[in-house]
Every structure is written in structure tokens, then in C-alpha cells.
Amino acid sequence: DFSVHLQVKGEDELAELGKAIQTLARDLEYLKKERNEFLASISHELRTPLTYVKGYADIARRPNMGEEERNRYLSIIYEEAEHMQKLVKDLFELAKMDQHSFQIHKELTNLCSFFKKLHDKMQPAFQAKKMSLVYYCDGSITVHIDQKRFEQVMMNLLDNALKYSDQGSIVSIDVRKEKHHIVIIVADEGRGIPKEDLPHIFERFYRVDKSRSRTSGGTGLGLAIVKEIVEAHGGAIYAASEYGKGTNMIITLPEG
Ligand code: ADP
């Protein structure tokens, strides 16, 4: 958002106007650059899976192809199509958020029951990777949240914790009530995030390991969506991490 602040009284009014127009021009230039970069990222992100789909479809349609081999190529095509579908879904979601046309339906929620349900739902995914998920919630903490959206937040964070941790490790969710707000910490013992990457991980399409992105299946949009949702709740999210040791994702929500 940009705005012009004008105080045009007295002799300096032209100078003030000039300054305001300059600021506006700078903001517009910045927005234009951001939009171009975003479009370039989208093209890039779609080009890679499309190249695979086209290439493997071309091989799979060769006449003397064995069934097993053909099925292998078809599976890759399917996975790449699935990835593109997720990408388009995430982009659409962010576009809606940018236009402020997504609605938050807050309802009074007992966070401890919310996290119990979430824990039960996610437990199988953790077991499948021989990891465990634990949660601590003291007493009955209630808060107004959009439960569906908030579940989306937590699923994204837990998906990342799963994706970027090794088997045998523990992921914990800690829910606490502090003086003026509620704090939720998702802690993993995974690979962690290098210091220089930490300030960027909530940006769209930012990934620490650029080369692994395709195989790990992520779109690079998960944390950007998480941030939008948390901020739409009047809250904030930040990450603390030690490379090689683990990551803490910390969410604060206003009380009530
Ligand atoms: P992705 O789809 O790539 O997971 P996200 O927006 O969810 O995209 O996350 C952005 C990047 O932040 C990831 O590519 C990864 O490098 C890093 N990241 C996020 N969560 C964690 C975590 N719990 N541990 C280590 N790295 C993480």
C-alpha cells in the first residue's frame, strides 16, 4: 500500500507536492519490479514440471516401449502434474489474499482441543517416517481463530517439520498463554536453516536448498501463505533456527 502525505500550506507547497510525487513514483517503481520478479518466478516454477511432462510424454508414446517402463514414465508425468496443480492452487490462494478478498471466519476455539485433533490427524504421517509428534497445552486456552485457516497454518508448519527432519526425531507443539498474547511454538530437530536464509524464508518461492525443491515436492509458497493467514488474525510469525540442530517456528496471537 502506498499513500501520499500532503501538507500544502504556505510557500513550500510546491516542494512538498514534488516530494510526495517522487515518493509515489518510487513506490510504483518498486511495485512494478516486485510484480515482474513474481511473474518471472511463476514462469520458472511452471516451466520445470512442464518440461518433464512434455519430455516423458514424448518418450512414453514410443511404440516399442515395455509396459513397465511406460508406467514408470506415466508416474513421473502424474507427479509433475500434481505438483503443478498444487502450485496453481497456492498461487490462487495468495492472489485472493493480495486482493483482501479472502474471508476470515473467526470462532471461539479451545486451543488444547484444537491441537489434540490436529495431533491425531497428523500422527500417522509422523509414524510413517518413524518420527513423533507431541504437544503441550496448559489448561484451557481459548482464542478467536478461523479454525480451517489455522489448521492450514499448522499443517504447513508440520509438513515442513516432517520434510526437513530425519527419522527418529521429535516435533513438538507448545501452546502457552503469556501476559498479553498467546504463543505457539512448533519445534523440530531437523536440518535447521542457515542464518543468512532466515530473513527470507517467508518470501514467495524462497527455498534454502534450490536444487532439492523439485524432489521434495514443495512449492516454496507454504510459509508465505502461513504468514498471510497469521497476520490476518492480527498475529505474527517468526523463525529461530540453528543450522544442523533444528528450527522453531513461533506464532504469537492476540488474546481473546
Ligand atoms: P517449501 O515448499 O519449499 O517447503 P516453504 O515456504 O514451506 O516452501 O518453506 C520455504 C523454505 O524454508 C523451504 O524450502 C526450506 O528451505 C525452509 N524451511 C521451512 N521450514 C523448515 C524447517 N522446519 N526446517 C528447515 N528448513 C525449513
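Fair warning: this is a prediction, and the values are worked out from it, not measured in the lab.

1. Digging into the pattern of salt bridges
Evaluation of the coordinates by the stated rule reveals 14 salt bridges. One salt bridge in this structure joins Lys33 and Glu37, with 3.5 Å as the shortest N-O distance. Linking Lys33 with Glu37, this pair stays in helix 1 (residues 13-60), spanning four residues, or about one helical turn. Classification of Lys33 by relative accessible area gives exposed; the value is 51%. Given a relative accessible area of 44%, Glu37 falls into the partly exposed group. Of the charged contacts, one joins Arg61 and Asp58 as a salt bridge, the two residues approaching to 2.9 Å between their closest N and O atoms. Here Arg61 falls in the exposed class, since its relative accessible area comes to 66%. Owing to a relative accessible area of 36%, Asp58 belongs among the partly exposed residues under this scheme. Ionic contacts of the salt-bridge type, sharing partners, join the residues Asp98, Arg204 and Glu228 into one network.

2. Structural notes on the sheet that holds strand 5 (residues 181-188)
Taken together, the five strands give an open sheet; going across it, the order is 2-4-5-7-6, and neighbouring strands pair in mixed fashion. Two strands in the sheet have a free side with no partner beyond their single neighbour: strand 2 (132-137) and strand 6 (236-242). This sheet shows a mean twist of 15 degrees between the axes of neighbouring strands, independent of strand direction. Of the pairings in the sheet, the one linking strand 4 (residues 170-177) to strand 5 comprises six bridges and is antiparallel in character. Of the residues in strand 5, the one forming a bridge with Asp174 is Ile185. Seen against the sheet, helix 3 (residues 111-128) touches strand 2, strand 4 and strand 5 and runs at an angle of roughly 175 degrees to strand 2.

3. Some details on unusual backbone geometry
A positive phi angle, close to 55 degrees, is found at Lys130, a residue other than glycine. With respect to the secondary-structure elements, Lys130 resides in the loop between helix 3 and strand 2. The exposed category is assigned to Lys130, whose relative accessible area is 59%. Positive phi, normally seen in glycine, also occurs at Phe205, with a value near 70 degrees. Mapped onto the fold, Phe205 is located in the loop between strand 5 and helix 5 (213-216). Residue classification places Phe205 among the buried residues on the basis of a relative accessible area of 10%.

Basis of the calculations
- Residues numbered from 1 in each chain as written.
- Predicted model: local features only at pLDDT ≥ 70, side-chain atom pairs only at ≥ 80, totals over all residues.
- Heavy atoms only, no water.
- Salt bridge = Lys/Arg side-chain N within 4 Å of Asp/Glu carboxyl O.
- Helix = DSSP H or I, 4+ residues; strand = E, 2+ residues; numbered from the N terminus.
- Buried < 20%, exposed > 50% of the residue type's maximum accessible area, 1.4 Å probe, protein only.
- Pairing = 2+ DSSP bridges.
- Axes fitted to C-alpha atoms, helices over the stretch in contact; angles between N-to-C directions.
- Contact = heavy atoms within 4.5 Å.

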